[in-house]
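Per-entry structural report
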Amino acid sequence: MPETLPVPDGRRVDLWLVRRPEPGVPPGPPAAPGVLDVLDAAERRRAASLRRPADRALYVASHLALRTLLGAYLRVPAREVVLVREPCPGCGGPHGRPAVPGTPPPLHFSLSHSHGLALIGVAAVPVGVDVQRVPGPGTVDACAPSLHPAERAELDRLPPGARPGAFARLWARKEAYLKGIGTGLSRPASADYLGADTRSRPHGWTVTDLPRADGHTAAVAVLGTAPPLPALRRLPVRLSPPDLID
């Protein structure tokens, strides 16, 4: 990865894909002392709370990657990247989504991880990304009642074999949009339509499906008119010391 990256301008969105390290492979170089110090205290506590080693490895790798990327965009060492919490859209408290400080901030970002893959989006305007593993039929049946009525109707019209993939695409769009507006799933899943009819989706936002890979679906939501489908770049999880320190 280059030491610096140009901050996206206008409607451009940069997308980065991170894979979970293989079992036994650390998310950073073993020779780099204090590699986890790149994460803040809350991130380290969250990582330590994850009981499954695979989940912990993906969490650490994706958050190291996020800070490495933000450092490259902001031209500061990864360990000096400062993140703040935006006001909660619901109550105004200081526990909204993480953000880069500034009025306006120099860039916006979003991070999602699911079952071995993580996706990071960076843009000049509010952005949300989500990656989802395609679920089994039982999960679809359990979650479908929480959807927007028109979304439920679309799923009901599909043959059973097509419903899990369609649900995963729909849910990725929904979470990407909810992350973009800053509410996350504190906003009811039934409140907004993110189904197949692009004309009926929330006004002022463009939500785009990303190519499906490795049993996952993904989507990106960006405020305003969409750019062309952004390229999806892969970021190595074994970050080199210069990426983390210098």
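Residues numbered from 1 in each chain as written. Predicted model: local features only at pLDDT ≥ 70, side-chain atom pairs only at ≥ 80, totals over all residues. Heavy atoms only, no water.

**Comments concerning empty space enclosed by the protein**
- Summed over all chains, the structure comprises 1 cavity of 30 Å³ or more.
- Its volume calculated, the largest cavity comes out at about 50 Å³.
- Glu 86, Arg 97, Pro 98, Ala 99, Val 100, Leu 107, His 108, Phe 109, Pro 126 and Val 127 are the residues that line the largest cavity.
- Looking at the lining of the largest cavity, the elements that each hand over two or more residues are β3 (98–99) and β4 (108–114).
- Split by residue class, the lining of the largest cavity holds 7 nonpolar, 1 polar and 2 charged. (1 Å grid on protein atoms, 1.4 Å probe; cavity = no way out; pocket = protein on both sides within 12 Å on 5 of 7 lines; lining within 4 Å. Points joined across faces, edges and corners; volume = space filled by probe spheres on them. Helix = DSSP H or I, 4+ residues; strand = E, 2+ residues; numbered from the N terminus. Nonpolar A, V, L, I, M, F, W, Y, C, P; charged D, E, K, R; others polar.)

**Section: the layout of surface pockets**
- Estimated volume of the largest pocket: approximately 700 Å³.
- Along the wall of the largest pocket there are 25 residues; nearest its centre are His 63, Arg 85, Arg 97, Pro 98 and Leu 111.
- Elements represented by at least two residues in the lining of the largest pocket include exactly α1 (41–49), α2 (53–74), β2 (84–85), β4 and α5 (163–181).
- When grouped by side-chain class, the residues that make up the lining of the largest pocket number 10 nonpolar, 8 polar and 7 charged.

**Considerations on the packing of aromatic side chains**
- For the structure shown, the criterion picks out 2 aromatic pairs.
- Relative to Trp 171, the ring of Phe 167 lies with its centre 5.7 Å away and its plane at 20 degrees, an arrangement referred to as stacked. One end of the pair is Phe 167 and the other is Trp 171, both in helix α5 and 4 residues apart, which spans about a single turn.
- Phe 167 sits in the buried class, given a relative accessible area of 5%.
- The buried category is assigned to Trp 171, whose relative accessible area is 13%.
- Taking 5.8 Å as the distance between ring centres and 90 degrees as the angle between the ring planes, the aromatic pair formed by Tyr 177 and Trp 205 counts as edge-to-face. Here Tyr 177 is found in helix α5, whereas its partner Trp 205 is found in strand β7 (residues 205–213), with 28 residues between them in sequence. Residue Tyr 177 shares its accessibility class with Trp 205, and that shared class is buried. (Phe/Tyr/Trp six-rings, centres within 6.5 Å; stacked < 30°, edge-to-face > 60°. Buried < 20%, exposed > 50% of the residue type's maximum accessible area, 1.4 Å probe, protein only.)

**Remarks on the pattern of salt bridges**
- Following the criterion strictly, the structure yields 13 salt bridges and no others.
- Look at the salt bridges and you will find they share partners, linking Arg 12, Asp 14 and Arg 233 into a network. (Salt bridge = Lys/Arg side-chain N within 4 Å of Asp/Glu carboxyl O.)

**So, the confidence of the model for the chain**
- This prediction gives the chain a mean pLDDT of 86; 87% of its residues lie at or above 70.
- Predicted confidence in the chain is weakest over helix α6 (residues 241–244), with a mean pLDDT of 29, and strongest over helix α4 (residues 149–156), with 97.
- Counted against residues more than four places away or in other chains, residues 237–246, with its pLDDT under 50, gives 33 contacts. (pLDDT = per-residue confidence, 0-100. Contact = heavy atoms within 4.5 Å.)

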